[in-house]
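Here's the letter readout for the chains.
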Amino acid sequence: MGLVARAIMVREVIREIAHEPFIYGQNDCCKFMSRVAQKITGIDYSTLFPKYDETSYQAVLSAYGGVEGVITRCLGESIVVDPPGEEPYEGLHKLKTGDSVLFEIPYRPPLGGV
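A brief report on the enclosed structure follows. Just so it is clear, the model here is predicted, and its values are computed rather than measured. Along each chain, numbering runs from 1 in the same order as the chain's sequence is written. Confidence filtering applies because this is a predicted model: local features only for residues at pLDDT of at least 70, side-chain atom pairs given and counted only at 80 or more, and all residues used for totals across whole chains, interfaces and linings. Side-chain numbers come from the whole structure's heavy atoms, not from hydrogens or water.

### Focus: the overall build of the protein chain
- Along the protein chain, the regular secondary structure elements total 4 helices and 2 strands.
- For the protein chain, the sequential pattern of α-helices and β-strands runs α-α-α-α-β-β.
- Burial classification: accessible surface area is computed with a 1.4 Å probe over protein chains only, and a residue below 20% of its type maximum counts as buried, one above 50% as exposed, and the rest as partly exposed. Residues classed as buried in the protein chain amount to 31% of the 114 residues present.
- Taking all contacts inside the protein chain whose residues are at least 6 apart in sequence as the whole, residues at least 24 apart take part in 38%.
- Residue burial considers only the protein chains on display, and all accessible areas are found by Shrake-Rupley using a 1.4 Å probe. With the model as given, the accessible surface of the protein chain reaches about 7900 Å², and the carbon-plus-sulfur share is 58%. Where helices and strands are cited, they refer to DSSP runs of H or I of at least four residues and of E of at least two residues respectively, numbered from the N terminus. Contacts are residue-level and defined by heavy atoms, with any inter-residue pair within 4.5 Å sufficient.

### Thoughts on helix 4 (residues 66-75)
- Restricting attention to buried positions, one finds in helix 4 the residues Gly 69, Val 70, Ile 71 and Cys 74.
- Directly beyond the C-terminal end of helix 4, a positive phi value near 95° is found at Gly 76.

### Some thoughts on the pattern of salt bridges
- By salt bridge we mean one thing: a side-chain nitrogen of Lys or Arg within 4 Å of a carboxyl oxygen of Asp or Glu. Under the defined criterion, the tally for this structure stands at 3 salt bridges.
- Where Lys 39 meets Glu 16, a salt bridge forms, and the shortest distance between an N and an O atom there is 3.2 Å. With a gap of 23 residues between them, Lys 39 in helix 2 (residues 29-41) and Glu 16 in helix 1 (residues 3-17) connect regions that are remote in the sequence.
- Assessed through its relative accessible area of 47%, Glu 16 is described here as partly exposed.

### Considering the side chain of Ser 34
- With respect to the helices and strands, Ser 34 occurs in helix 2.
- Residue classification places Ser 34 among the buried residues on the basis of a relative accessible area of 9%.
- As used in this structure description, the phrase polar contact means that two N or O atoms lie within 3.5 Å; if the pair is within protein, one of them must be able to donate a hydrogen and the other to accept it, and residues adjacent in sequence are counted only when both atoms belong to side chains. Within the structure, the side chain of Ser 34 is placed 3.0 Å from the backbone oxygen of Lys 31, a separation counted as a polar contact.
- Excluding residues that lie within four positions of it along the chain, Ser 34 makes contacts with Tyr 45 and Ser 46.

### Re the environment of Val 60
- Relative to the helices and strands, Val 60 resides in helix 3 (residues 54-64).
- On a C-alpha basis, the gap between Val 60 and Val 70 in space is 7.9 Å, while along the polypeptide they are 10 residues apart.

And the structure:
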């Protein structure tokens, strides 16, 4: 799939949810990422989260080794943008529109996005 098609699909998902309030289990980070992944791959990864509450999320995250494990299970191996020894942001060219990303911020849990 070309980059333009991926970019269009990501924008379509953003337009679909733009006016929805942030509500866990309805319009949250996991739902957003699964909607984009489904648009690009045709696979509904939200089925990993049959119930949408914090306890269920934590159970799935524990089963797969955290957010990174869930992303790897669904979308394959991660691209490491800033491996040890490289300059910060050196690997950003490896990313394409629609790739899922995981940010590791000191003193916070990992943050996922697209």
